[in-house]
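Examination of the molecular architecture
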Amino acid sequence: MPTDDHLVEVALVGASGAPGTFTYAVPPPLRDAVAPGTAVEVPLGRRRVSGYVVADSTSAPPKGLKTIARVLAEASLPPDLLELTAWAARYYHVPHAHLLRTVLPPSIRRRTRRQVLPLPAATATPDTPRGLFGDEERPPARTSLGDRILARLPAGGLDLGQLRRDFGEGTDAAVRRLASQEKVEVRDVPIERREEVRALLAGDAAGSLTRAPRQAAVHEFVSSRSPHAVSRAEIEVRFPGSGDAVRRLLAKGLLRPASDEELAASAAPDSEPLELNREQQHALEVITASSGVFRPHLLFGVTSSGKTEVYLRAAASVRAEGKGVLLLVPEIGLTPQLIERASRRFPGEVAVLHSALTDAERARTWIDIAAGRSPVVIGARSAVFAPLPALGLVVVDEEHDAAYKQEESPRYHGRDVAVMRAKLAAAPVVLASATPSLESYQAALSGRYRLLEMPSRATASPLPTVELLDLRDPKVRYPADQTHRTDAARAEKPAPPPLLSPPLQDALVENYRAGEQSLVFLNRRGFARFIQCEDCGRVEECPHCSVSLTFHRARGEATCHHCGFTRPPSTSCPDCGAALSARSFGTEQVESALSELLPAARVARLDRDTGSSPHFVQDTLAAWRDGEIDVLVGTQMIAKGHDAPGVTLIGVVLADASLHFPDFRASERTFQLLAQVAGRAGRGSKPGRVLVQTRSPDHPSLHAATRHDFVGFATNELRSREELDYPPFGRLARILIEGNASAAERHAERLGDTLRRAARSLEGAPPGAVRILGPAPAPLERLRGRYRMQLLVKATESRRLGQVLRAVRADSRRTPVRTIVDVDPVSMM
């Protein structure tokens, strides 16, 4: 091999089993086109796969070295984004190729989309043989997953990704069986690089859409906004995965692309911003003054203080300079108001990245962003890796939200990666919250972040009053006619207290009669938390996880919320045959209680059960904002930034639900949840009131919440964290070992010894610089059939933590267990 060959290291993102990088030679015709960040196609065995050049290689040319086949220029990464992925791979201890595979759309990695087409002779085969019954009297057969997939396939086929979304787990195996039976053909089809229409108007053609409900819904939504154009971003957030419906409506003439002039005219009405108050103006001036340099800002403003307007104004300033804007939100489906405002403020420039996009749609959006056609990107945590050129501003809305932390590998934190993204791009970053994370708040107190405070609401309305209802007090728990019973009578036949205490019931009735809206919050879904035998006390448990099954009365199911196991609830105790009772309660039972209390009221529920459909979520939130719902009950989904000016009363059914978790962040999360949900009240012209039911009324976090005193809460909590060397005063990693019980325990003990040796051998480290705690069973000891042990690694600084964690990978090779490294863990379960 010639000695002047140019060698590079390539991360093979198109080969799922390739853990690291491989060395390839760059042929002379491609040398000017290949650099770090270049997307390339390379040979791997008998096939070709896509990859990214991550660095020049300094190693000696190995025997049998292969050369790069071609350059995929359209998918290349900007240098700062490549550097970001390399940093994230090092910091979170995952292979660089693995991280790239996670953040890049599959169709970008493969350059193709996998399509499943029915073969001409394919027919669904029922499980019941046809010969057993006459055609007219044969009972309906139970169809297999393969039969349902065949029935779903049109003549032109469907993307495998679409089938996965429609049919869930088992789709890939079913498609492979159909292919082996020669009922379908699976093809890799090149991605069509067509440019998406930026905005739409209702067309002039007429036509019936009675047999196409999805197209009908999109058409009705666009028509309702006439004469204004509707951006694709707004359509996507309201109708996720609607690309095919839009294309069909365009082909029928029922929709038409908006011209640049029509698009510009649609900038109203939100493009006429409100007048800023003094606090908003100061924050905006500080942020815009840092344009072109890396500077983190913590925008700490109470609920309804106008934080969104501040960072949208800052984004407008950045766009005037021709730079891009990255706006991260915790959950894309819960922020329709923000996307609508941004789309009107920046018509035709907004791209929305979310999980409901098909592979092809995500790839086209990704390419549009990289080409500069969509310079404003809104998305959840994975959007932090969007290929925005000339990035000028990064915003992390609700920066405290745990949804920014990915709980699957790679376990990165979107907020922290966003700060590094801004640093590499030399751009300011704004972390916005009414209840900042203690990590960000401490960074602001120490001077690493600039603290921008907005302690007043942007409107004249005051913050709501917050009152604790002590459920330990019988006068609070029971109606008046029950509190007069003697202790002996209560002991003889105790009456269960109602879910909603009399003071909360009275407030709800009074608010309803006044024609005002109420919100009832409980961070537990389902009807009952568990089902228990009345005689022997046996609890219905998940066979795969060490948790009880939650009873969902509407579905008639007992479900594990961790692994998804579902079965009909038992009718009697399997051990003793006695009757079973539903214990504790969730949002479904609260909804039932509210319907009994207010039979004429319009009551709705929003949680992960009812909100599994994005359409239901958007329709419910829209009805709530428009005053068409009297009482909304829900989980933390209803606490995330929604603005319904008619809400004047909020009831928190049980504040203790998150307070006593085995997690050092339990108090912080409880305060944040209460403050956020309380902030939904009194945002209009009338004052708000919040009633909080609790059995821990003396807890400091609850007292702080009644006073809206984040600073007081944070001061006390930070003092406790510092005494224990917990974040933000120390670095933390959690190591989970999963497998069968004996193997997991043995490996955890061995890994603990390895980590302690690594900590002792750190050069120049003072005693106690790194401490290893455990191993011990994880709080959730069994999950999805695997037993779990855990180790905690506490360090005084990130560098020392990383040095010790490198021992994990070497110790965990070729073991029968799964070892998970979680740096900066958010969940300790």
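Reading the values: the criteria
Residues numbered from 1 in each chain as written. Predicted model: local features only at pLDDT ≥ 70, side-chain atom pairs only at ≥ 80, totals over all residues. Heavy atoms only, no water. Helix = DSSP H or I, 4+ residues; strand = E, 2+ residues; numbered from the N terminus. Buried < 20%, exposed > 50% of the residue type's maximum accessible area, 1.4 Å probe, protein only. Polar contact = N/O pair within 3.5 Å; in protein donor to acceptor, adjacent residues only side chain to side chain. Axes fitted to C-alpha atoms, helices over the stretch in contact; angles between N-to-C directions. Parallel < 35°, antiparallel > 145°, perpendicular 65-115°, else oblique. Left-handed = near helix turned anticlockwise from the far one by under 90°. Contact = heavy atoms within 4.5 Å. Nonpolar A, V, L, I, M, F, W, Y, C, P; charged D, E, K, R; others polar.

**What about the environment of His-6?**
Following the sequence through the fold, His-6 ends up in strand β1 (residues 6–11). Take His-6: its relative accessible area is 22%, and that puts it in the partly exposed class. A distance of 2.9 Å separates a polar atom in the side chain of His-6 from a polar atom in the side chain of Asp-56.

**A closer look at unusual backbone geometry**
That bond from Ser-409 to Pro-410 is cis: its omega, 0°, falls within 30 degrees of zero. Checked against the element boundaries, Pro-410 lands in the loop between β16 (391–397) and α15 (414–425). Residue Pro-775 follows Gly-774 across a cis peptide bond; omega there is 15°. By the secondary structure assignment, Pro-775 is in strand β31 (residues 770–783). A positive phi angle, close to 55°, is found at Ala-426, a residue other than glycine. Tracing the sequence through the fold places Ala-426 in the loop between α15 and β17 (428–433). For Ala-426, a relative accessible area of 36% translates into the label partly exposed. Positive phi outside glycine occurs at Arg-784, with the angle close to 55°. With respect to the helices and strands, Arg-784 occurs in the loop between β31 and β32 (786–795). On the accessibility criterion, Arg-784 (53% relative accessible area) is exposed.

**Section: the packing of helix α12 (residues 307–320) against helix α13 (residues 336–345)**
Between α12 and α13, the shortest axis-to-axis distance is 11 Å and the interhelical angle comes to 30°. Viewed along their axes, α12 and α13 adopt a mutual orientation that is roughly parallel. Where α12 crosses over α13, the handedness of that crossing is right-handed. Residues Thr-308, Glu-309, Tyr-311, Leu-312 and Arg-313 of α12 form the contact with α13, whose participating residues are Leu-338, Arg-341, Ala-342 and Arg-345. Tallied by class, residues from the contact of α12 with α13 come to four nonpolar, one polar and four charged.

Just distances and angles here, no functional claims.
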